[in-house]
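Spelled out, the chains give:
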Amino acid sequence: MDRLDFLRTNIANNELPTYVYGYPSKRAYRAFSQPLRITDVVEQADRSKQINIYIHIPFCRYRCTYCTLFLTTRHGGETGESYVARLVEHIARYGEYFGDREVASIYFGGGTPTLLTQHQFGALFAALDAAFPKRSRRCETTVESTPDSFDNNLLDCLKALGVDRMSMGIQSMEPGELAHSGRPYSLQTAKAAINALIARFSHVNLDLIYGLRGQTRDSLISSLGRVLDYEPQTLSLYPVVVRPMTSITMSKAHNPELFLSEAEKYEVYDQNVALMASKGYRQESFTRFTRIAGDHAYRQEVSDFKGTPLLGLGAGARSYFGQYHCSTDYAVASSAASPIINAFSARPFDPDAIASHGIRLTQEDLRCRYVLLGLTLSALSRSNYAAEFGRALAADFSEELEALESLQLVNLAEGDAYQLTRTGFKYSSIIARMFYSARMAALEQQYQAA
Ligand code: SF4
């Protein structure tokens, strides 16, 4: 099937593949035959004077019905303490190699980072300050959270430590839908948490999900309207992905009539886009809407696209160093997570074995990645591509770009930068698949088949 047919067929069938926010996905990672050494990646990271830092906190109180992230719900007492102690050691040791760089962004993701104590956050920030003393003037520091995982004292502590962006999963403002998402707290808890964040932080991102059991178009628009009443700076609206090994998969198998079809999710998407525009929010991607003027609402993503390496710290955290995308051990099955996390905490930093899993990107993969991320950010410039790769974008991706233009999924701004149109945003998950290299598509297929 040629590229135009691929797009036409997938759009006509209302295909809604998992939203692509990075390339390659972890589904393309495999165990390295030899662990990666720090010396392998230092040279790869040398093209940038900056660094992004991601810190993975793989702890949650419960597992949401749709979640396949690498985390454990068994993290009381010593487990959390020893994990943070190992993170502190890793920060110090990585600082020996990358500490002269300016830090462009810091992101605490999970899991639920706000399950850490004030003392633990204090230790992590002290380690970061000591090991990475140079911060970009625009350094963005984000912490992910859930409504039932913090109190006001912790938020005050995070603000004092320099956190300027908070992200929180709300998922739904309907009590029954919250329960079906696997979240055991009340709507009152969610409302109080939103108010607490809005009162303290200049940038709050809230997530909602559509496609949970029992959700309807009316209940979704009602949830969205109620979240908009708080006027968060950014809202991220995700279609739920029903993946194997999740309880939502079983639920859908038994009661498919209680779930939106893919076509209905696209209708909800259209409804969301219209409402967000009417409220003055600018669309930045398939999922993200912001009312921040003149800046991107997620700077780590932009910095990554510009080639800044990402240092992932913690069990299973992804790092990007030029051609190397890698991580320590991780698992999808929740029963396997605890032993892997405990093993990470028990093992001192070893510069000759910093990552056990990952992939080495080819030049073709790097070009595909650049185009895919560039389109996602509406910043795919012909001239920048030529400067980056010494080749013409139109020559490397002529069939793909012609297909996109003929279906009016992209505009060519000022003859140089491709930007997704409104319809292009809508079908960006399909468009992204078109830019997978043959090797990456094969690795993904192998993973799905296993
Ligand atoms: S709180 Fe977030 S990370 Fe934890 S299980 Fe739910 S969706 Fe996954």
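Residues numbered from 1 in each chain as written. Predicted model: local features only at pLDDT ≥ 70, side-chain atom pairs only at ≥ 80, totals over all residues. Heavy atoms only, no water.

The chain is annotated in an unreviewed UniProt entry as Radical SAM protein of Bradyrhizobium xenonodulans.

Quick look at a negative patch on the surface now. Residues Asp 2, Asp 5, Glu 399, Glu 402 and Glu 405 make up a contiguous surface patch of negative charge. Residue position: Glu 399 is located in helix H16 (residues 398-406). Of the residues examined, Glu 399 reaches a relative accessible area of 40% and is grouped as partly exposed. (Patch = residues over 30% accessible without salt bridge, like charges linked within 9 Å, V, L, I, M, F, W, Y side chains within 5 Å. Areas by Shrake-Rupley, 256 points an atom, 1.4 Å probe, with all protein chains shown as cover. Salt bridge = Lys/Arg side-chain N within 4 Å of Asp/Glu carboxyl O. Lys, Arg positive; Asp, Glu negative; His and termini not counted. Charge placed at Lys NZ, Arg CZ, Asp CG, Glu CD. Helix = DSSP H or I, 4+ residues; strand = E, 2+ residues; numbered from the N terminus. Buried < 20%, exposed > 50% of the residue type's maximum accessible area, 1.4 Å probe, protein only.)

Right, let's get into unusual backbone geometry. In this chain, Tyr 23 is followed by Pro 24 through a cis amide linkage whose omega measures 0 degrees. Looking at where Pro 24 falls in the secondary structure, it is placed in the loop between helix H1 (3-12) and strand E1 (30-36). Residue Gly 110 is joined to Gly 111 through a cis peptide bond whose omega torsion reads 15 degrees. Here Gly 111 is to be found in the loop between strand E3 (102-110) and helix H4 (118-131). The phi angle at Asn 14 is positive, at roughly 55 degrees, despite the residue not being glycine. Inspection of the secondary structure puts Asn 14 in the loop between H1 and E1. Phi angles above zero are rare outside glycine, and Glu 414 is one such case at about 50 degrees. Tracing the sequence through the fold places Glu 414 in the loop between strand E15 (410-413) and strand E16 (417-420).

Moving on, we get to the site of the ligand. With respect to spatial proximity, the complete set of residues near the ligand consists of Cys 60, Tyr 62, Arg 63, Cys 64, Tyr 66, Cys 67, Leu 69, Leu 71, Gly 111, Thr 112, Thr 146 and Arg 183. Considered class by class, the residues forming the shell around the ligand number seven nonpolar, three polar and two charged. (Near = heavy atom within 4 Å. Nonpolar A, V, L, I, M, F, W, Y, C, P; charged D, E, K, R; others polar.)

Grouped together as the largest cluster of nonpolar side chains are 127 residues, with contacts concentrated most on Phe 98, Phe 132 and Leu 404. With seven residues, the single largest contributor to this core is helix H13 (residues 363-376). In contact with Phe 132, not counting residues within four places along its chain, are Ile 51, Ile 53, Ile 91, Tyr 94, Gly 95, Phe 98, Gly 99, Val 103 and Leu 311. Ranked by size, the runner-up nonpolar core spans 14 residues in total, among them Tyr 66, Tyr 185, Ile 248 and Phe 259. (Core = buried A, V, L, I, M, F, W, Y, C linked by side-chain atoms within 4.5 Å. Contact = heavy atoms within 4.5 Å.)

To continue, consider the side chain of Ser 219. Relative to the helices and strands, Ser 219 is located in helix H8 (residues 217-228). Among the polar contacts made by the side chain of Ser 219, one reaches the main-chain amide nitrogen of Thr 216 at a distance of 3.0 Å. Beyond its immediate chain neighbours, meaning those up to four positions away, Ser 219 contacts Glu 174 and Glu 177. (Polar contact = N/O pair within 3.5 Å; in protein donor to acceptor, adjacent residues only side chain to side chain.)

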